[in-house]
Amino acid sequence: MINETFGAQTDPANFGFPAGASISNGVLNVTEGMGNYTTSVRQFAPSTLGERTLDLRFDWKTAIASSAMKTGVELRDDHGRLVFAIAATAAELRYAVTGPDSNSASAPDSLNPTWIRTGFDRSKWYTVDLHMDFTLGRLQYSITSKEAAPRVMASGTGSITATNLARLVACNYYGTGKQSIDNFRLVRPENAAYGALAGKSVYAFGDSIVHGHQYSRSFVNFVAEREAMALTKYARNGATVAPSSASGGQIITQVRSASSRAPDLVVFDGGTNDAMEIHDKRAYEIGTVSGSRDPATFDTSTYTGSLEATIYAMRQKWPAARLVYVAVHKLGSRDWGTQLALRQVTLQAAQKWGVAVADVFADATLDTRVEAQRVAYTFDGLLGGYPGSGGTGTHPNIAGITEFYVPVLTARLVELA
């Protein structure tokens, strides 16, 4: 809907801000020369107000030079209700999803959003990612430093009262200091659920990619948070499909220990750790899909036989649940030939048993055999409580989750719904 890089003057000029704004050196500058408690408002097109789900990404930087001064930008609906705000002093980054309603005519202290505060480096650019769902009244957000090894400053999901996206407000809360905005991209999601998944129960099984590795919010959490689904996660780090000496145990054990109460949906992965067991340790064979549905014919000493046994256990325990297998991204951390062989038999088993596939491998461009993608989109450890970057290529960080996993899984769940 909007894709502006500010490489040239915009129409209307200065991105529609009537005051305190200019475009220079490929960026939009706002709150230039504005007085204390003043605002400048950029209205979105009337068509934007009718959108129920929106994704917004932009880069943001502040030149504020004093801890006693504060400037920021707010997103509000046509009744002045807050969608999201980001601001800064010289020492603090501030963001908010709640706060007083405002007509945006001014920005006094009494109308400031309810700020959450964290330290930051004001010399850096930051990327703001927002997923707005006005049907459910939910906002999922992340703020990440824009650099070769990005650092997540904030990430979460909050409830909002706003019912649309109407305006972008540049606020000079107090003092002097311009802000800069770049790469402003507003998108209507291709596979929005529009509330169709709200209240659905989902059980999640698998390995560390489903579990989240060292971070509690995996891609399944992100989807469940966005869509107001009830998630119960049984996945474990190190889990395998076939019997192995790996520390995470078998995925079928997770299924057997799960609640007998039927969920609406079951989401699972598998094969990531089996690839190492098969290629590196020669612990077992890949095997073949059985020509029968009789579990006595499954060779559970192999990956494929164990996969069929796992799916069979799910079908027996929750006959009415819809099963969704997540084919993970192309892994730079695993032998490529083994990945392809596992993928072939896994898709055959899914087709045989009527399991839907959320195919990140084929339907997303995440490929951590590519060095730049490995660095940008995967993590091994946490930094400030959030996933870092520069991982081995296995575990998607927040950028990898939101850019690749969430759209693919959401699209498949919407089709099932």
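Thresholds, definitions, all that
Residues numbered from 1 in each chain as written. Predicted model: local features only at pLDDT ≥ 70, side-chain atom pairs only at ≥ 80, totals over all residues. Heavy atoms only, no water. Pairing = 2+ DSSP bridges. Helix = DSSP H or I, 4+ residues; strand = E, 2+ residues; numbered from the N terminus. Axes fitted to C-alpha atoms, helices over the stretch in contact; angles between N-to-C directions. Buried < 20%, exposed > 50% of the residue type's maximum accessible area, 1.4 Å probe, protein only. Core = buried A, V, L, I, M, F, W, Y, C linked by side-chain atoms within 4.5 Å. Contact = heavy atoms within 4.5 Å. Expected span 1.5 Å × (residues − 1). Polar contact = N/O pair within 3.5 Å; in protein donor to acceptor, adjacent residues only side chain to side chain. Left-handed = near helix turned anticlockwise from the far one by under 90°. Nonpolar A, V, L, I, M, F, W, Y, C, P; charged D, E, K, R; others polar. Salt bridge = Lys/Arg side-chain N within 4 Å of Asp/Glu carboxyl O.

### Comments concerning the sheet that holds strand β13 (residues 167–174)
Then, in step 1: Strands sit in the order β4-β13-β6-β7-β8-β9 across an open sheet of six strands; the sheet is antiparallel. The open sheet has two free edges, formed respectively by β4 (38–43) and β9 (116–119), since each of these has just one partner strand. Each neighbouring strand pair of the sheet contributes to a mean axis angle of 15°, computed without reference to strand direction.
Then, in step 2: Note: strand β6 (residues 70–76) against β13, seven bridges, orientation antiparallel. Across the sheet, E74 pairs through a bridge with V169, a residue of β13.

### Re the sheet that holds strand β17 (residues 265–268)
The pairing of strands in a sheet comes from backbone hydrogen bonds and takes either a parallel or an antiparallel form.
Then, in step 1: Taken in spatial order, the five strands of this open sheet run β16-β15-β17-β18-β19, and their pairing is parallel. Because the sheet does not close on itself, it has two edges, and the strands there are β16 (230–233) and β19 (356–359). On average, adjacent strands in this sheet sit at an angle of 25° to one another, irrespective of strand direction.
Then, in step 2: Here strand β15 (residues 201–205) pairs with β17 via four bridges, running parallel. Each residue of the ladder has a partner; that of F205, found in β17, is F268.

### Some thoughts on the pairing of strand β5 (residues 53–62)
Then, in step 1: Extensive coverage of β5 is indicated by the burial of seven of its 10 residues.
Then, in step 2: As paired strands, β5 and strand β10 (residues 126–133) are joined by eight bridges and run antiparallel to one another. Bridge assignment links L54 to a residue of β10, and that residue is M132.
Then, in step 3: Pairing analysis gives seven bridges linking β5 to strand β14 (residues 179–187), with the strands arranged antiparallel. Counterpart to W60 in the pairing with β14 is I181.

### Remarks on the nonpolar core
When a protein is soluble and globular, its nonpolar side chains tend to lie buried together.
Then, in step 1: Counting 41 residues, the largest nonpolar core has F84, M132 and F184 as its most contacted members.
Then, in step 2: Beyond its immediate stretch of four places on either side in the chain, F84 contacts V73, E74, L75, Y95, A96, V97, V128, L130, L139, Y141 and I143.
Then, in step 3: A224, F379, F404 and V408 belong to the second-largest nonpolar core, a separate cluster that totals 37 residues.

### Focus on helix α7 (residues 336–353)
Then, in step 1: With 18 residues, α7 should reach 26 Å at 1.5 Å per residue; the first-to-last C-alpha distance of 26 Å fits that figure.
Then, in step 2: Every buried residue of α7 is accounted for by T338, Q339, L342, R343, V345, T346, A349, A350, K352 and W353.
Then, in step 3: Those residues of α7 hidden inside the fold are in contact with α5 (272–279), α6 (303–317), β18 (322–327), β19 and α8 (360–363).
Then, in step 4: One side-chain oxygen of the residue at the start of α7 lies 3.4 Å from the amide nitrogen of G337, identifying that residue as D335.
Then, in step 5: Phi for G354, located one or two positions after α7, is positive at around 70°.

### Let's talk about the packing of helix α3 (residues 219–227) against helix α10 (residues 398–416)
Then, in step 1: Their axes nearest at 9 Å, the elements α3 and α10 cross at an angle of 60°. The way α3 lies across α10 gives a crossing that is right-handed. Packed against α3, whose contacting residues are F219, F222, V223, R226 and E227, the element α10 presents I398, I401, T402, Y405, V406, L409, T410 and L413 at the interface.
Then, in step 2: Tallied by class, residues from the contact of α3 with α10 come to nine nonpolar, two polar and two charged.

### Things to note about the side chain of T304
Then, in step 1: Mapped onto the secondary structure, T304 falls in helix α6.
Then, in step 2: A relative accessible area of 0% means that T304 is categorised as buried.
Then, in step 3: Leaving out residues up to four positions away in the same chain, T304 has contacts with I286, G287, T288, V289 and V345.

### Regarding the pattern of salt bridges
Then, in step 1: The final tally for this structure, using the stated rule, is 16 salt bridges.
Then, in step 2: Here E277 ties to K281 by a salt bridge, and the two come within 3.0 Å at their closest N and O atoms.
Then, in step 3: The class of E277 is buried, set by a relative accessible area of 3%.

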